[in-house]
Each structure stands twice: as structure tokens, then as C-alpha cells.
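# Per-entry structural report
As a plain string of letters, each chain reads:
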Amino acid sequence: MSDKPSITPSSESHQWSDLHHQIQDWLAGYADGELDEHHITLVEAHLAGCEACRHDAERQRMLSERLQEIPAPRLSPAFAKRLDDTLASVQTSDRRPVGQKPLEGLKHWLTRLSPSAVIGGGGWAVAMVLAAMLLVPSLTPEDPNQMAVASQIPMVNDVLADYQRVVGNDLRTPSDDADLSPPMQWANGRVLARWTTRVGGEPAEAYAVRLGNSLIVQYQISERVFFRNPDVRQAVARAGDFRTRDNELEVIGLPMRASGLLVVAPSGNVPPIDKSAMSAS
Amino acid sequence: MVNKSTDSKRAHKMRSTGSKQQFDTLVRPWRYRLYGVAQRQSASTEIAEDYTQETLLRAWRDFGQLDDQVAIYAWLLRILNRVVADGYRRDNRRRQLAPVLTTEDAVLSEHPCAAPGPFEQALKHQTDAQVMAAVRDLPDNFRQVVLLRDFEDLSYQDIAQILDLAPGTVMSRLSRGRRLLAERLIKVASDNPAASDNTHTRVTPHE
């Protein structure tokens, strides 16, 4: 059935049944007073001889009236306060000039980050060029997103689920011969385990690190999965990394040479992300 | 109604200087109405709050790209619509098959509650919560137009703009959506004849 009915029926040559079906799509407009005179005449001529449509038009009107009686839900004061706080914090942390286009943000970022690419070694330069190449085709006003909702991105969902699974189970003691050095190292961090999992449909290496009282898991994932989401590409272009959170957990995404790294940590306990200290891998 | 001319002039004037203040002046007053629209298509208060917050965060993000021609509320509803659609995608609830009923559908033409008088009575007897649950259960395409028309009181023209549809499509979806809603409410009324009666928990229907 067509979703776009023609507003103008052609002529008397239409069978009654064609008009009958056509008019069924106008009954809301008739009930709401949104039809022009010509169509009102057509509808009324039909309604005179068609009880089914006459009843339907009545029900359309009654239903509309009934729905309008339902009071609007109220925003709770607690939520209004939370909303204000959230907006205020975003507004102060994100004071980009109004009207700035995403592409300018990308150029700015590339200029700003160039020195650290030199410090961090060739890997970063490669990652940045890739980010830039992947980014440009998808730059639309709808897409740029630095406040991405975590659960929209499959890879983020996957690592959050894996993290939750690990928290709910005992970690296996690592065997001595396993290479346990994670992509990102912290001075006081102790590597607890390493395992292989799947993120975004592809294999990923996971490293559990204990830092203070926090369990932090690093997921080294394929570059293809990492840059699949336009929000991630945009955030990396804009800020050099991608950050999101889901309830109690924060996820930070960092581009690496030929791969991506997702760090999952309890909110508020995210260790410093020192990009230059990362081992390019 | 969406007040285009006033909003647009204010938006133009305010945004020419550019700041958080513009956003607070132009957008924040709408958050109550936005929450209302979000709540009416959410299974829980928490989800409605998430939708509202995400909409306002995206509105802040895209504030600089706001078109002068677009009324603020229509623009916000467009964003909310995308946020909700994303939410439905996550829940795998999107793309329900939208059944198209004709006015001769068996329930609509034969059920005793379907005649205008009994239908009006049935509507009166159903609680707001029951009616809202039926609205929430409508397929996306139908739910959107019903919400924007019957709750937000927007014109077909405004709805067409918000949802990127032809006005004729708004009308056909609304006709079909209300028809489906009527059919479902008639079924609810006949399945739970006692639901409306607050003084009795159970009433045996007459034969």
C-alpha cells in the first residue's frame, strides 16, 4: 500500500471502491478540519453513502478529542536540576564558537596535535592520517557527535558487556610465558590477566590492569571496528580521543597504529591517558 | 503551535552574537514540552529523561547549525525524533510491520463498541494510562504523527516539516494510525470490561 496518497483524485472514472480506499486516508484531515473545500465536498459525498467511513471519521474525531484531554507529563524537579547541571557542564567544557563547522575542528585538531605525533613516534602520525581520511566522507551536520550515547555503538556495548562479565567472575591467574604488557602502561598498574574476546564482530585482545582499587580493562581492537562509527571518527578528529560513559563506567577510545584501544574504567577513576607513553603496536 | 516568525527573528538576533546565553534563552524553555513528548513514547520515566537529556545535548552540539527558517520547537522535535528512533533501534523495536486497516475491518465494522456512541463511552471509561499504553504500542510511523497532532496540536504542515514528510503522507499516516489505535482500544475495552470501573475489581459481563 502506498504511503503517499495523491491528494487529487482524477475523475468520475474512478471506481467507487478506489475512491472509498482513497478517502480512508483523508478521514483524519476531514475530522481535523485540514482539508480544502474541494476535498471536503468529495469526502462528504462519500460519507453520505458509506456508513463504515462515516463511523471511522467520527472515531477519528472522538479519539483526537480524548487524546487531547490527557494532561502533559510533568518534569520532576530533581530531573530538571540534573538536566540543568548536565547542560551547564557541557556548555562550559565545550565552548566552541557557534557556527564553527566540523571540518574546521578537524584542521584545528591536526595542527594542534602534530607535535605530539613527533613525540609519540610514527604510529600516531599514521593514526591521524587514517582518522582524517576516514573522517572526511562522513562529515555531515547530522553526524558530528562528541556526546555519543554509549549504547549506540556496538563496540562500546561489547567492551562494557565483557567488562561486566570479568567483574562478575574471578580472573584466571596469568601463565608465566604469556606476554602481559598492555598497550597502555601506568606506573602503579599491575596487569592481572590477558584474554581474547570479540568486539564489533572481530577478535580483540583484552588486558585487565589493577590500578589502586580500580579494575581497568584495555581492549585492543581492529582499526576497522574502531573507526566504524561516525561519532567515534568525529570525536577523535575533534579531541584526539573518544569518550563516553554508561552508568558507572567510562570508555575512552584511542586510535593506535593499525588498531584502536578502548579503555574501560569505573567513572571518576580513569587513569591519566598519556598518549605519548603508549606503545605503538 | 510553533511560532515561526517570532522564534526565527529571535534566533537570528540572538545567534549573531553567539553564546551559551542564546541557547538558554531559546532552547531551555522548551525542555518541559520536549519531556512531555519523550515521556509519551517511553516505557519508563528514566528512558524519557534520557531522551530529553540527549536531545538537549545534541541541540547544544548543533546549535550553531540551526537554520534561521526553522522554528526552535520544530527543530528540537526533529532532534528528539532522531533520539527516540535511535532508542527504538537499540531496543530492536523499530520497523514493526504497520498494519493498514480499512474502515470495513471486522473489529471496526462489527464490534458493538465500534459504533460512534459506544466507542465514545469506551474511550471515556479507559484510563489515561491505558490509552497512553496503546499509543506507545503503535508502530513508529503512526505513533509519531499521532503524538505531534493530538498531543502537541501541531498543524499537518509543521508535522510534515518535523518528520520530513509530504503533508499528504502526514494525513494518511494519521488516518491509519488513529484507525489502528481505535481498533486496539476497542479490543482492550472488550477484553477488560471492568478496567474502567474503579469501585469493582471484577465485573461479569452480561451475555
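Counting restarts for each chain, with residues numbered from 1 along the sequence as it is written. Here the convention is simple: chains get letters from A, ligands get numbers from 1, in the order in which they are written. Local features in this predicted model are restricted to residues of pLDDT 70 or higher, and side-chain atom pairs are both shown and tallied only at a pLDDT of 80 or more, whereas totals for entire chains, interfaces and linings draw on every residue.

### A few points about the overall build of chain B
Under the convention used in this document: Strands here are runs of E lasting at least two residues and helices are runs of H or I lasting at least four, both read from the DSSP assignment and numbered beginning at the N terminus. With C-beta atoms placed from the backbone, a residue counts as buried when 20 or more other C-beta atoms lie within 10 Å of its own, as exposed when 12 or fewer do, and as partly exposed for counts between those limits. Any two residues are considered in contact once their C-beta atoms, placed from the backbone, lie within 7 Å.
A count of helices and strands for chain B gives 11 helices and zero strands. Element order for chain B, N to C, with α for helix and β for strand: α-α-α-α-α-α-α-α-α-α-α. Counting across all 207 residues of chain B, residues that qualify as buried make up 41%. A fraction of 70% describes how many contacts in chain B between residues 6 or more apart in sequence connect residues 24 or more apart.

### Quick look at the interface of chain B and chain A
Heads up, the condition is: Classification used: nonpolar for Ala, Val, Leu, Ile, Met, Phe, Trp, Tyr, Cys and Pro, charged for Asp, Glu, Lys and Arg, polar for all others including Gly.
In this complex, chain B contributes 52 residues to the contact, which on the side of chain A involves 47 residues. When contributions to the side of chain B that touches chain A are tallied by element, the ones reaching two or more residues are α3 (31-39), α4 (45-61), α5 (72-90), α6 (106-110), α7 (116-125), α8 (128-136), α9 (140-151) and α11 (167-191) of chain B. The residue makeup of the side of chain B that touches chain A, split by class, is 22 nonpolar, 14 polar and 16 charged.

### Describing the confidence of the model for chain B
All names here are of chain B. Here is the rule: Each residue carries a pLDDT score, the predictor's own confidence in it, on a scale running from 0 to 100.
Per-residue pLDDT for chain B has a mean of 80; in total, 76% of the residues score no lower than 70. This model gives residues 12-17 a pLDDT under 50, and the stretch forms seven contacts once residues within four places in sequence are excluded. Here residues 195-207 is a poorly scored stretch, pLDDT under 50, and it has 11 contacts once near neighbours within four places are set aside; other chains count. As a predicted assembly, this complex carries a pTM of 0.53 together with an ipTM value of 0.78.

### Regarding the packing of α3 of chain B against α4 of chain B
Residues and elements named next belong to chain B. How we decide: Axes, fitted as lines to C-alpha atoms, cover a helix only where it is in contact. Angles between the N-to-C directions of the axes lie from 0 to 180 degrees. The scheme is simple: roughly parallel for angles under 35 degrees, roughly antiparallel for over 145, roughly perpendicular for 65 to 115, oblique for anything else. Crossing handedness: left-handed means the near helix sits turned counterclockwise from the far one by under a right angle, and right-handed means the same turn made clockwise.
Orientation of α3 relative to α4, taken along the N-to-C sense of each, is 135°, at an axis distance of 8 Å. Relative to α4, α3 is oriented oblique. Once α3 is placed against α4, the crossing between them reads as right-handed. In contact with R31, L34, Y35, A38 and Q39 of α3, α4 contributes A48, Y51, T52, T55 and L56. Grouping the constituent residues of the contact of α3 with α4 by class yields six nonpolar, three polar and one charged.

### Points about the nonpolar core
General note: in soluble globular proteins, nonpolar side chains tend to be found buried as a group. So the rule is basically this: Any nonpolar core is a set of buried residues, restricted to Ala, Val, Leu, Ile, Met, Phe, Trp, Tyr and Cys, that join up through C-beta atoms within 7 Å.
If you look at the biggest cluster of nonpolar residues, it comprises 67 residues, and the most contacted ones within it are L76 and L80 of chain B. Setting aside residues up to four positions removed in sequence, L80 of chain B forms contacts with L34, V37, A38, Y51 and T55 of chain B. Counting residues in each nonpolar core, the second largest holds 34 residues, with I153, L160, A204 and V225 of chain A among its members.

### With respect to helix α4 (residues 51-69) of chain A
Defined as follows: By definition here, a helix of n residues has an expected span of 1.5 Å times n minus one.
Here α4 of chain A contains 19 residues, and its C-alpha end-to-end distance of 27 Å stays within 8% of the 27 Å for a straight helix at 1.5 Å per residue. Taken residue by residue, α4 of chain A has C53, D56, A57, R59, Q60, M62, L63, R66 and L67 of chain A as its buried positions.

### Details of the packing of α8 of chain B against α11 of chain B
Residues and elements named next belong to chain B. At their nearest, the axes of α8 and α11 sit 10 Å apart, and the two run at 135° to each other. Taken together, the axes of α8 and α11 are oblique relative to one another. In the packing of α8 onto α11, the handedness of the crossing is right-handed. On α11, the residues that touch Q130, V131, A134 and V135 of α8 are L181, R184, L185 and V188. Of the residues in the contact of α8 with α11, the class split is six nonpolar, one polar and one charged.

### Re the pairing of strand β1 (residues 190-199) of chain A
All names here are of chain A. Selection criterion: At least two DSSP bridges between two strands are needed for those strands to be called paired.
Bridge analysis of β1 against strand β2 (residues 202-211) gives nine bridges, and the strand direction is antiparallel. Bridged to R198 within β2 is P203. Two successive antiparallel strands, β1 and β2, enclose a turn made up of two residues, where G200 displays a positive phi of approximately 60°.

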